[in-house]
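Here are the chains, one letter per residue:
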Amino acid sequence: MKEALIVGGSNGIGLSIATQLKGYDIIYIVDKVEPAIALPSHIKYKQFDLTMPDYSFFDQFGNISLLMITAGFGKLALFEELSEDYIINSFHVNTVSAIRLIHHFYDKLKGQEDFFCGVMVSIAGFMSSPFFSVYGATKAALKIFIESVNVELEMAGSPNRILNVSPGSIPGTRFNGSDNDLSLTQELAQEIISHMVAKDDLFIPKYEEVYREVLARYQKDFRAEGRHSYEYKLKSGRLNRK
């Protein structure tokens, strides 16, 4: 019996991946809140708060052969507007939880049998991102962690890798206060699954169309690109500025 685990799968791209994942007898969704849609019988929801200190909850998923981590949150705001609790919770959910989960299932990841693993990171983890300072920092930490562990897996002779999925803004998710629209995230979910099954280590959606040039500008002059990012966000309509 094939089992998969999607942590943070009640909303957005995690929920879309759960509905698009084929060939699994049971797909577990673990999230703090229950999905707002009716789930097929093979998709099972289990409640868990990732800020909890005890992760023995995940012992029950010892038969999984796929782990996708999509839990995370962020909001566009200046650093001065963020509370200390927000900063702490951001690192707990966005960064520490993913590292703990990979540590929990590391024996499977390091083994010789196929184990598929992916983490939703963000293009914000690759460059300075004004109005996303803390969020970008949580994702930059994940980026370096994944790159480092993938080298360790390679040198240990494991065929498995952690896929870093680093998109920009994704329409059809609740990330920025919008509603879930699975029709808008279906194609991206299928692409993520394909890259995970191929055991790729990095997938940047719209890389050729958008982010190759953005990253090149950042490497050339990170200060200028930071200012460009600041102005772009101000004009985007995504900010509720007073």
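Look up: the structure comes first, before these words.
Residues numbered from 1 in each chain as written. Predicted model: local features only at pLDDT ≥ 70, side-chain atom pairs only at ≥ 80, totals over all residues. Heavy atoms only, no water.

### Quick notes on the side chain of D49
Turning to step 1, where the next piece is worked out: With respect to the helices and strands, D49 occurs in the loop between β3 (43–47) and β4 (64–69).
Turning to step 2, where the next piece is worked out: Polar side-chain contacts of D49 include one of 2.8 Å to the side chain of T51. (Helix = DSSP H or I, 4+ residues; strand = E, 2+ residues; numbered from the N terminus. Polar contact = N/O pair within 3.5 Å; in protein donor to acceptor, adjacent residues only side chain to side chain.)

### A short note on the environment of I144
Turning to step 1, where the next piece is worked out: As for its position among the elements, I144 is in helix α4 (residues 133–155).
Turning to step 2, where the next piece is worked out: Residue classification places I144 among the partly exposed residues on the basis of a relative accessible area of 47%.
Turning to step 3, where the next piece is worked out: Put simply, I144 and L184 are 40 residues apart on the chain and 29 Å apart in space, counted from C-alpha to C-alpha. (Buried < 20%, exposed > 50% of the residue type's maximum accessible area, 1.4 Å probe, protein only.)

### Quick look at the packing of aromatic side chains
Turning to step 1, where the next piece is worked out: According to the stated counting rule, one finds twelve aromatic pairs in the structure shown.
Turning to step 2, where the next piece is worked out: Ring centres 5.2 Å apart and planes at 75 degrees place the aromatic pair F48 and F58 in the edge-to-face group. Taken together, the residues F48 in the loop between β3 and β4 and F58 in the loop between β3 and β4 connect sequence positions ten residues apart.
Turning to step 3, where the next piece is worked out: Here the aromatic rings of Y55 and F58 are separated by 5.4 Å at their centres, their planes lie at 45 degrees, and the arrangement is tilted.
Turning to step 4, where the next piece is worked out: These aromatic residues form a ring-pair network of at least three members: Y28, F48, Y55, F57, F58 and F61.
Turning to step 5, where the next piece is worked out: Just above the ring of Y24 sits the side chain of K2; from NZ or CZ to the centre is 4.4 Å.
Turning to step 6, where the next piece is worked out: Here the basic side chain of K75 rests over the ring of Y86, its NZ or CZ set 5.0 Å away from the ring centre. (Phe/Tyr/Trp six-rings, centres within 6.5 Å; stacked < 30°, edge-to-face > 60°. Lys NZ or Arg CZ within 6 Å of the ring centre and 35° of its normal.)

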